[in-house]
Each structure stands twice: as structure tokens, then as C-alpha cells.
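One-letter residues, chain by chain:
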Amino acid sequence: MGNIADFIASLKRRIADSEDAGVNALPFENDKIAQIMDYYQLKGPEIYKLFHVFRKMDVEGTGYINLDNLYYLLGEEIGIISPYLERFFSLIQKQNPDKANFLEFLPVLATFCLFTKEQIVSFVFSLLDHDNDGYISKKDMLTFASTERFGLPIFPQNFLISIDSVELERPDKISAQIFTKIEQEILFLIYPAIRLQQSLRREFGGEDMWENVYKRLLRVENEEEKKQQQEYFNEEQIGRAH
């Protein structure tokens, strides 16, 4: 599945022209849907399930949803997943910064719902790495833990205390690798992202559906790896024959 940087780059390549699609058409009538289905190993009935939830969120029938629609669907208008949900929405490659159509929304939804634990940790790191230089600091984590929504703190005070107590050789320069190593000490920063994934999976298709999609993806990746190994072996044999 790759890391968060690979994910974003892949989305930019695969859905750059999605805004040209007719958003009110059935999803199967669009070539981009077929590409997304193939890439994520999603089946027709699963696409219809996801499209049904999308249409339910689109209460005004415009063909678009916004961040507030997602907040309402998940019942998280005020809660610890708020900054994680906002980061999720910001990753959607949207023609309009405030709203997304189904084609724009689907790849990010599928990718996030299929994230492994390691990829979720990478997602949280990218959320904290505001300047995208590959490093964060303890100050970044403290600032994040002080986030407010509607004038109310999102995280309890003991989060700040826990972050402050983490011992680091370079608190001003924490790489993604170091962030992964201290993960157990800052689980409260990771957990909301895991909870967001669980909520999205539950609302969009259900846990069983996403588990089946993940298994299909693994099978395809394993088959591709075997194919590449066989091609490499064949090339080696041809080289030796000459």
C-alpha cells in the first residue's frame, strides 16, 4: 500500500481529471470508477454501497459533500477525531476546496479504510509535519494537543502532560522513524486516527466489506510479486544461455 507520501502522489496521478466527470451520473458510467475499482479491488455492489452513503450525506442533492456532512454522519461535531477528519478531507484532490464529488472522495476513502497500523502512524506524523520537511518537534505535538474546536479543548489536559514527559534525544527534531519508535508512549495521538478509520469503515460498507477488500488486494499484490519474480528468473535464464 505504500506510505502516506506514496498514497498522495498516487491519488494525484489517478484522479487528476476526475473533476471533468458528471457527478450526477451513476458511478459505473464513468471510466474513472472502473480504474478505481481495479486499483482497490472494489466490486460493483461495494461501489453501490459507498455511493448510497455518499448520496445520503448529500442532503441537498448537489452531487457534492463537505466536511460538515462527514461530521454529521460520524456524529463527531465535537470530539478528538476532529483534526484527523479535517486532515482526511484535506487530502481529497478537489476542484473546489470546500466540497468533493463522489469521484474525488472515493479514492481517499478507500485508501484510508485500507490503511495498516503502520500507515495510520505515518498519517498522524504527516498531520503534525506542517512544513513537510520530514521532521516534527515536541512543540508541534504540544501545539496539536492544545487544539480547540468551537472554543473548547479537544484533548484532555493529561495529553499535554504525557507528551511533555516523553524523553527524546532531540525534542526539536523528530523523524518519522523516531516517531514510530515512541508510538507506544503517545498512543493517545494515534488512537483517534484508528477510531476515525473504524468509524469510516463502519459507516461506509462495514468492517467485513473492508476486510474482504484488503484480502483481495493482498492476493493481487502477491500475484504481482510472483509474476515479477518469474520474469526476473526468466531474464536470468536467458542471460545465462547467451
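Definitions and cut-offs
Residues numbered from 1 in each chain as written. Predicted model: local features only at pLDDT ≥ 70, side-chain atom pairs only at ≥ 80, totals over all residues. Heavy atoms only, no water. Patch = residues over 30% accessible without salt bridge, like charges linked within 9 Å, V, L, I, M, F, W, Y side chains within 5 Å. Areas by Shrake-Rupley, 256 points an atom, 1.4 Å probe, with all protein chains shown as cover. Salt bridge = Lys/Arg side-chain N within 4 Å of Asp/Glu carboxyl O. Helix = DSSP H or I, 4+ residues; strand = E, 2+ residues; numbered from the N terminus. Expected span 1.5 Å × (residues − 1). Buried < 20%, exposed > 50% of the residue type's maximum accessible area, 1.4 Å probe, protein only. Phe/Tyr/Trp six-rings, centres within 6.5 Å; stacked < 30°, edge-to-face > 60°. Core = buried A, V, L, I, M, F, W, Y, C linked by side-chain atoms within 4.5 Å. Contact = heavy atoms within 4.5 Å.

**So, a nonpolar patch on the surface**
A surface patch of nonpolar side chains, about 330 Å² in accessible area, is lined by I78, F150 and L152. Note on placement: L152 falls in strand β3 (residues 152-153).

**Considerations on helix α11 (residues 187-203)**
In this model α11 runs 24 Å from its N-terminal to its C-terminal C-alpha over 17 residues, within 8% of the 24 Å that 1.5 Å per residue would give. All buried positions along α11 are accounted for by F188, L189, I190, P192, A193, L196, Q197, S199, L200 and R201. Where α11 terminates, the next one or two residues include G205, which has phi positive at roughly 100°.

**Re the packing of aromatic side chains**
Tallied over the entire structure, the rule returns 15 aromatic pairs. Plain terms: the ring middles of F54 and F102 are 5.4 Å apart, the flat faces sit at 70° to each other, and that makes the pair edge-to-face. Residue F54 is found in helix α3 (residues 44-57), and its partner F102 is found in helix α6 (residues 102-113); the two are separated by 48 residues along the sequence. With respect to burial, F54 and F102 carry one shared label: buried.

**Here's the deal with the pattern of salt bridges**
Two side chains that carry opposite charge are able to pair once their charged atoms sit near each other. This structure, assessed with the given rule, holds eight salt bridges. Ionic pairing is found between R149 and E86, a salt bridge with its closest N-O pair at 3.7 Å. You can see R149 sitting in strand β2 (residues 148-149) and its partner E86 sitting in helix α5 (residues 82-90), a full 63 residues away along the chain. One salt bridge connects R202 with E203, and the closest N-O pair in it is separated by 3.7 Å.

**Some remarks on the nonpolar core**
Counting 70 residues, the largest nonpolar core has Y84, F88, F105, M141, F179, F204 and W210 as its most contacted members. In terms of residue count, the dominant contributor to this core is α6 (nine residues). Every residue in contact with F204, bar those within four places of it in the chain, is listed here: L50, V53, F54, M57, L73, F105, L109, M209 and W210.

**Comments concerning unusual backbone geometry**
Positive phi outside glycine occurs at N132, with the angle close to 55°. Under the relative-accessibility criterion, N132 is labelled exposed at 60%. Positioned with a positive phi, F150 is a non-glycine residue whose angle comes to about 55°. Residue class for F150 comes out exposed when judged on its relative accessible area of 60%.

The analysis is restricted to geometry; functional conclusions fall outside its scope.
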